[in-house]
Amino acid sequence: MTDTQMAALEARIRELEDVREINEVFFKWHYDCTGGFNGKQPGRMEALECLTDDATIEVQGLHQPGQGPTGREQFTEFWDYFYGDDGPLPYVFQNSVAEKVIVDGDKATQWSNQLGIFQNRGGKPRIGLSQRVNYYRRTPKGWKIEKTTIEGGFSIYVDELHGNLNKLPPQQPRTPWTYKG
């Protein structure tokens, strides 16, 4: 094998390793976002370990473009408000059903289709399909998400969720979360 062939092979292996690491980060994100059953809380703070300290979370219909919570303090406040037994979104099950990753040096973009089941407190459960785009940066601690987006999609309402759902305590009065930027 020539030096050129060896270098090309090493580059291909590195890209495969990067794509695997990126997909593992996104699996952890979904896994730690999922909950509301068997005593498991949705949106556990461990999900935020997947984000860079300056990351942005942007959900179409919830945030204006470019106006999602940015930086550890803002997205932690946003997260703390929405999830958990006392939050407005206590039941979440989400997963990506297809991913495409393009790596460009220490940056990467991942496109995925997301399947989720969600139920807001007091609302009807819904099954949703949406598209996500995640932007990654290689850090000393591995690949991290620097921006995650949810773009549109479809949903269908169902009558009720079945399973070992968490019993919700009475909701305490809360001030709605707003962007403080």
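In what follows, the accompanying structure is described. Small disclaimer: the values here were computed from a predicted structure and weren't measured. (Residues numbered from 1 in each chain as written. Predicted model: local features only at pLDDT ≥ 70, side-chain atom pairs only at ≥ 80, totals over all residues. Heavy atoms only, no water.)

Another point: the overall build of the protein chain. When helices and strands are counted, the protein chain shows two helices and five strands. When the elements of the protein chain are put in sequence order from the N terminus, they spell out α-β-α-β-β-β-β. Considered along the principal axes of its C-alpha atoms, the protein chain spans approximately 70 × 35 × 30 Å. Carbon and sulfur atoms provide 54% of the accessible area of the protein chain, an area that totals close to 10800 Å². Here the protein chain contributes 21 positive and 25 negative side-chain charges, whose respective centroids are spaced 4 Å apart. (Helix = DSSP H or I, 4+ residues; strand = E, 2+ residues; numbered from the N terminus. Areas by Shrake-Rupley, 256 points an atom, 1.4 Å probe, with all protein chains shown as cover. Lys, Arg positive; Asp, Glu negative; His and termini not counted. Charge placed at Lys NZ, Arg CZ, Asp CG, Glu CD.)

With that out of the way, let us pick up a nonpolar patch on the surface. Residues Phe93, Val97, Leu115, Ile117, Ile127, Leu129, Phe154 and Ile156 make up a contiguous nonpolar surface patch of about 750 Å² in total accessible area. Of all the secondary structure elements, the ones that give two or more residues to the nonpolar patch are strand E2 (91–104), strand E3 (107–119), strand E4 (126–139) and strand E5 (142–157). When you line up the elements, Ile156 lands in strand E5. (Patch = residues over 30% accessible without salt bridge, like charges linked within 9 Å, V, L, I, M, F, W, Y side chains within 5 Å. Salt bridge = Lys/Arg side-chain N within 4 Å of Asp/Glu carboxyl O.)

In the structure shown here, the tally under the stated rule is zero disulfides. Free cysteine: Cys50, not disulfide-bonded; nearest cysteine sulfur from Cys33 at 7.9 Å. (Disulfide = S-S within 2.5 Å.)

Ranked by size, the top nonpolar core spans 28 residues in total, and within it Trp29, Leu51, Ile57, Trp79 and Tyr136 carry the most contacts. Residue assignment for this core shows that the elements contributing at least two residues are helix H1 (3–33), strand E1 (51–59), helix H2 (72–82), E2, E3 and E5. Apart from residues lying up to four places away in sequence, Ile57 is in contact with Trp29, Leu51, His63, Gly68, Pro69, Phe75, Phe78, Trp79 and Thr148. (Core = buried A, V, L, I, M, F, W, Y, C linked by side-chain atoms within 4.5 Å. Buried < 20%, exposed > 50% of the residue type's maximum accessible area, 1.4 Å probe, protein only. Contact = heavy atoms within 4.5 Å.)

It is worth spelling out the pairing of E4 at this point. As judged from the twelve bridges shared by E3 and E4, these two strands associate in the antiparallel manner. The partner of Ile117 across the bridge, within E4, is Ile127. The antiparallel hairpin formed by E3 and E4 contains six residues in its connecting segment, where Gly122 sits at a positive phi of about 80°. Alignment of E4 against E5, held across 14 bridges, turns out to be antiparallel. Each residue of the ladder has a partner; that of Gly128, found in E5, is Ser155. Remark: two residues form the turn of the hairpin made by E4 and E5, two consecutive strands paired antiparallel. (Pairing = 2+ DSSP bridges.)

This part covers H1. Under the 1.5 Å per step criterion, the end-to-end length of H1 is 45 Å for 31 residues, consistent within 8% with the ideal 45 Å. Turning to H1, its buried residues are Asp18, Ile22, Val25, Phe26, Trp29, His30, Asp32 and Cys33. Next to the buried residues of H1 lie E1, H2, E2, E3, E4 and E5. (Expected span 1.5 Å × (residues − 1).)

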